[in-house]
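These are the residues of each chain, in order.
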Amino acid sequence: MDAMVNTVKGWMENPVKFARSHGVTVSPVSDGSDPEREIHILIIEGFLLYNYKPLLDVYSKCYYVTIPYEECKRRRSMRTYTVPDPPGLFDGHVWPMYLKHRLEMENCGLDIQYLDGMRTKDELYNQVYEDIQNSLLNVL
């Protein structure tokens, strides 16, 4: 986690320099503007990231995908693991830990937008994309 925090902070200091130092080509938009002056977006993904205090001051937008218990259990049962889940793991550990960490996240003080995980990936993408676009338009 410390390495990830350092990575995020390195990106925040200079997104273009960070990208180039990691082999990512940063091209100007079609109008030929300077990549250093453009808007850069970093997506940090992981279900426990809102519980990690060193990152809480980094987020400008927070999204959390939720699904009901039955759907979560169904989806997990459809996964294929090298070592399968032992019987009772979901009800005895996975779901209780999800509830514990979600409660901690809800109490961390962030403005988190909850997304309905029963919607399609395209619907979720479009909802987040539109929200980010609107936020950027309000800033410019």
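Rules of the game
- Residues numbered from 1 in each chain as written.
- Predicted model: local features only at pLDDT ≥ 70, side-chain atom pairs only at ≥ 80, totals over all residues.
- Heavy atoms only, no water.
- Axes fitted to C-alpha atoms, helices over the stretch in contact; angles between N-to-C directions.
- Helix = DSSP H or I, 4+ residues; strand = E, 2+ residues; numbered from the N terminus.
- Parallel < 35°, antiparallel > 145°, perpendicular 65-115°, else oblique.
- Left-handed = near helix turned anticlockwise from the far one by under 90°.
- Contact = heavy atoms within 4.5 Å.
- Nonpolar A, V, L, I, M, F, W, Y, C, P; charged D, E, K, R; others polar.
- 1 Å grid on protein atoms, 1.4 Å probe; cavity = no way out; pocket = protein on both sides within 12 Å on 5 of 7 lines; lining within 4 Å.
- Points joined across faces, edges and corners; volume = space filled by probe spheres on them.
- Domains from an automatic or database assignment.
- Disulfide = S-S within 2.5 Å.
- Buried < 20%, exposed > 50% of the residue type's maximum accessible area, 1.4 Å probe, protein only.
- Salt bridge = Lys/Arg side-chain N within 4 Å of Asp/Glu carboxyl O.

- Looking up the protein chain in an unreviewed UniProt entry gives the name Nicotinamide riboside kinase 2-like isoform X2, with the organism given as Carassius auratus.

1. Side note on the packing of helix α3 (residues 69-78) against helix α4 (residues 89-106)
- For the pair α3 and α4, the least separation of the axes is 12 Å and the interaxial angle reads 115°. It follows that α3 is roughly perpendicular to α4 by the angle criterion. The two elements α3 and α4 meet at a crossing, and its hand is right-handed. Facing Tyr69, Cys72, Lys73 and Arg76 of α3, the residues of α4 in contact are Leu89, Phe90, Asp91, Val94 and Trp95.
- When the residues that make up the contact of α3 with α4 are grouped by side-chain class, the tally is six nonpolar, no polar and three charged.

2. Concerning the layout of surface pockets
- Considering only enclosed or pocket space, the largest pocket measures out at about 1900 Å³ in volume.
- Taken together, 47 residues line the largest pocket, and the ones lying closest to its centre are Ile44, Glu45, Gly46, Tyr50 and Tyr63.
- The greatest single-element share of the lining of the largest pocket, amounting to 10 residues, is contributed by helix α5 (residues 121-139).
- Considered class by class, the residues forming the lining of the largest pocket number 31 nonpolar, nine polar and seven charged.
- Domain assignment of the residues forming the lining of the largest pocket places at least three in each of domain 1 (1-42) and domain 2 (45-139).
- Roughly 180 Å³ of volume is contained in the second largest pocket.
- Taken together, 12 residues form the lining of the second largest pocket, with Val16, Ala19, Val26, Ile39 and His40 sitting closest to its centre.
- In terms of residue count, helix α2 (residues 15-21) provides more of the lining of the second largest pocket than any other element does, three residues in total.

3. Observations concerning the state of the cysteines
- Within this structure, the stated rule accounts for zero disulfides.
- No disulfide involves Cys62; its nearest neighbouring cysteine sulfur is the one of Cys108, lying 7.2 Å away.
- For Cys108, a relative accessible area of 24% gives the class partly exposed.

4. A word on the pattern of salt bridges
- Applying the stated criterion across every chain yields a total of eight salt bridges.
- Between Glu71 and Arg75 there is a salt bridge, with its nearest N and O atoms 2.8 Å apart. Placement of the pair is Glu71 and Arg75 together in helix α3, with a separation of four residues, close to one helical turn.
- Here Arg75 falls in the partly exposed class, since its relative accessible area comes to 35%.
- The partner of Glu104 in a salt bridge is Lys100, and the shortest N-O contact between them spans 2.9 Å. You can see Glu104 and its partner Lys100 sitting in helix α4, four residues apart, about one turn around the helix.
- On the basis of relative accessibility, which here comes to 39%, the residue Lys100 falls in the partly exposed class.
- Residues joined by salt bridges that share partners form a network here, namely Glu71, Arg74 and Arg75.

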